[in-house]
Amino acid sequence: MNTTDLINHLSHHRTPEGYTFDCQHIKGEVNVLQVEMNGFEGFPVFITCTEHQIICVVYLWSETEIVADLRTDMLEMMLDTNIAIPLSSYARVGERYVLFGALSISSEPDRIIEEVVTLNENALDVMFAMDEFLR
Amino acid sequence: MSKKRQQLEQQMMAFCHQFRPFDNRHTKLTPLNISGKQLDEIKVVLKEAGEVALQTDYQVETANFNKLMEQTERCLKAVKRQQMMLETTENINKVTDVIINNYGNEASRLLSAKRTYAQSKQKPTTDLFSLSSVKRDND
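Being a predicted model, the structure only gives us computed values, none of them experimental.

**Q** Please explain the interface of chain A and chain B as it appears in this structure.
**A** When the parts come together, some accessible area is lost, and that loss is often what is quoted as the size of the interface. Contact with chain A, which involves 50 residues of that partner, is made by 39 residues of chain B. Between chain A and chain B the total buried area reaches about 4,000 Å² when both faces are included, carbon and sulfur atoms providing 63% of it. For the pair chain A and chain B, the interface holds one salt bridge. A salt bridge links K94(B) to E29(A), with the shortest nitrogen-to-oxygen separation between them at 3.4 Å. The tally of links from chain A across to chain B stands at 16 residue pairs in polar contact (both at pLDDT 80 or more). Of all elements in the fold, only β1 (20-26), β2 (32-38), β3 (45-49), β4 (53-62), α2 (71-82), β5 (89-93) and α3 (109-130) of chain A reach the threshold of two or more residues within the side of chain A that touches chain B. Of the residues forming the side of chain A that touches chain B, the biggest block, seven residues, is contributed by β4(A). Tallied by class, the residues present in the side of chain A that touches chain B amount to 26 nonpolar, 10 polar and 14 charged.

**Q** Any chance you could explain the packing of aromatic side chains here in plain terms?
**A** Two descriptors summarise a pair of aromatic rings, namely the distance from one centre to the other and the angle between the planes of the rings. Within this structure, the stated rule accounts for four aromatic pairs over all chains. Seen in terms of ring centroids, F133(A) and F129(B) are 5.9 Å apart; in terms of plane orientation they differ by 35°. Their pairing is tilted. With one member in each of two chains, F133(A) in the segment after α3 and F129(B) in the segment after α5 (113-119) form a pair that bridges those chains. Of the two residues, F133(A) and F129(B), both sit in the buried class.

**Q** Explain the pairing of strand β6 (residues 96-104) of chain A here, please?
**A** Looking down a regular strand, the side chains alternate between one sheet face and the other. Residues and elements named next belong to chain A. Bridge analysis of β4 against β6 gives nine bridges, and the strand direction is antiparallel. Paired with S62 across the bridge in β6 is R96. One ladder, built from five bridges, connects β5 with β6; its direction is antiparallel. Residue Y90 lies in a different strand from β6, and its bridge partner there is L99.

**Q** What exactly am I supposed to notice about the nonpolar core here?
**A** In a soluble, globular protein the nonpolar side chains are often hidden away together inside. Core analysis: the biggest nonpolar cluster contains 45 residues, and I47(A), L60(A), W61(A), M74(A), Y90(A), V126(A) and M130(A) have the highest contact counts within it. At the level of secondary structure, the elements contributing two or more residues to this core comprise α1 (3-11), β2, β3, β4, α2, β6 and α3 of chain A together with α5 of chain B. Per-element accounting of this core gives the leading share, 11 residues, to α3(A). The contacts of Y90(A), once residues within four sequence positions are left out, are L60(A), M78(A), T81(A), N82(A), I85(A), V98(A), L99(A), F100(A), V126(A), M130(A) and L128(B). Within the second largest apolar cluster, 18 residues are counted, among which are L8(B), C16(B), A49(B) and C75(B).

**Q** Honestly, the pattern of salt bridges in this entry has me stumped. Any pointers?
**A** It is possible for side chains bearing opposite charge to pair when their charged atoms get close. Residue and element names in this part refer to chain A. Following the criterion strictly, the structure yields seven salt bridges over all chains and no others. Across the pair E63 and R92 runs a salt bridge, and its minimum N-O distance is 3.0 Å. Within this pair, whereas E63 is found in the loop between β4 and α2, its partner R92 is found in strand β5, the two being separated by 29 residues in sequence. Look at the salt bridges and you will find they share partners, linking E63, R71 and R92 into a network.

**Q** Would you mind showing me how to read the packing of α1(A) against α3(A) here?
**A** The angle between the axes and the distance between the axes are what describe a pair of packed helices. All names here are of chain A. Put simply, α1 and α3 touch, their axes get as near as 10 Å, and they point 65° apart. Accordingly, the angle class assigned to the pair α1 and α3 is roughly perpendicular. Where α1 crosses over α3, the two elements pack in a sense that is right-handed. In this structure, α1 uses L6, H9 and L10 to contact α3, whose residues at the interface are P109, D110, I112 and I113. Residues that form the contact of α1 with α3 fall into these classes: five nonpolar, one polar and one charged.

**Q** Quick question: what am I supposed to make of helix α2 (residues 36-55) of chain B here?
**A** For an α-helix, 3.6 residues make a turn, and residues three or four places apart therefore share a direction. All names here are of chain B. For α2, with 20 residues, the first-to-last C-alpha span of 29 Å sits near the 28 Å given by 1.5 Å per residue. The set of residues buried in α2 consists of L39, I42, V45, L46, A49, G50, V52 and A53. Taken around the axis of α2, the buried residues stretch over an arc of 165°, which confines them to a single face. Of the residues in α2, the exposed ones pointing more than 90 degrees away from the buried face are K37, K47, L54 and Q55. For α2, the elements touching its buried residues are α1 (3-18) and α3 (59-103).

What counts and what doesn't
Residues numbered from 1 in each chain as written. Chains lettered and ligands numbered in written order. Predicted model: local features only at pLDDT ≥ 70, side-chain atom pairs only at ≥ 80, totals over all residues. Heavy atoms only, no water. Contact = heavy atoms within 4.5 Å. Buried area = accessible area lost by both parts, 1.4 Å probe. Salt bridge = Lys/Arg side-chain N within 4 Å of Asp/Glu carboxyl O. Polar contact = N/O pair within 3.5 Å; in protein donor to acceptor, adjacent residues only side chain to side chain. Helix = DSSP H or I, 4+ residues; strand = E, 2+ residues; numbered from the N terminus. Nonpolar A, V, L, I, M, F, W, Y, C, P; charged D, E, K, R; others polar. Phe/Tyr/Trp six-rings, centres within 6.5 Å; stacked < 30°, edge-to-face > 60°. Buried < 20%, exposed > 50% of the residue type's maximum accessible area, 1.4 Å probe, protein only. Pairing = 2+ DSSP bridges. Core = buried A, V, L, I, M, F, W, Y, C linked by side-chain atoms within 4.5 Å. Axes fitted to C-alpha atoms, helices over the stretch in contact; angles between N-to-C directions. Parallel < 35°, antiparallel > 145°, perpendicular 65-115°, else oblique. Left-handed = near helix turned anticlockwise from the far one by under 90°. Expected span 1.5 Å × (residues − 1). Arc of directions from axis to C-beta.

Set out below in structure tokens:
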């Protein structure tokens, strides 16, 4: 599935919970799709495709936003909770911490929608739990 | 052993020798020395080797030959896997650059859920803290 097809699908989709999606294609060296969920005060999800995978990312915070004395506690907390968070994992890209989900390049659009919704819900839970480690 | 088969065996062994990810404990995610052209070549070799193996009457020789083919397939799979990891790492770093280049100052908001969360009234579904051994300050 190419990004144009995905934009078309997402733009016309309404989930059973009533969420709809705003999609925007960001041009650059790699194709990036920015997806925002209407009806949920969440976070922008950035979608990119490689030859084998579709990667959906929410940027959480950067190193500079962490309370230095609590950094180890934060990392431990991330390790403790990572497996419980459905369909998403933590990672670090440069100095930025992210929550991401990876799908096969042959995934159906409905799986990508499920990933976007789940990422938003997960990111909200993460922000609530990690807030005290951040400044 | 036919000359063709000998030649194919040499090519497979050379490939496995060139790329031995399982023998190197310090393999890092650095650009591979194996080109796409070389990968295509080894795929052709494997295809030809499969055809030769089918035509061979001798069971033991065929078994050895098949084993070498399997070993080459594993090396090929490892190369593809490493290429995929490199590609993904490069890609995701470029995504951040693309966002920054397009949004300028506004990118810092998009690249930090923390900033958005501060203004959000949405309630979380779960308290992840309860799943962690880390203690809250006020516990």
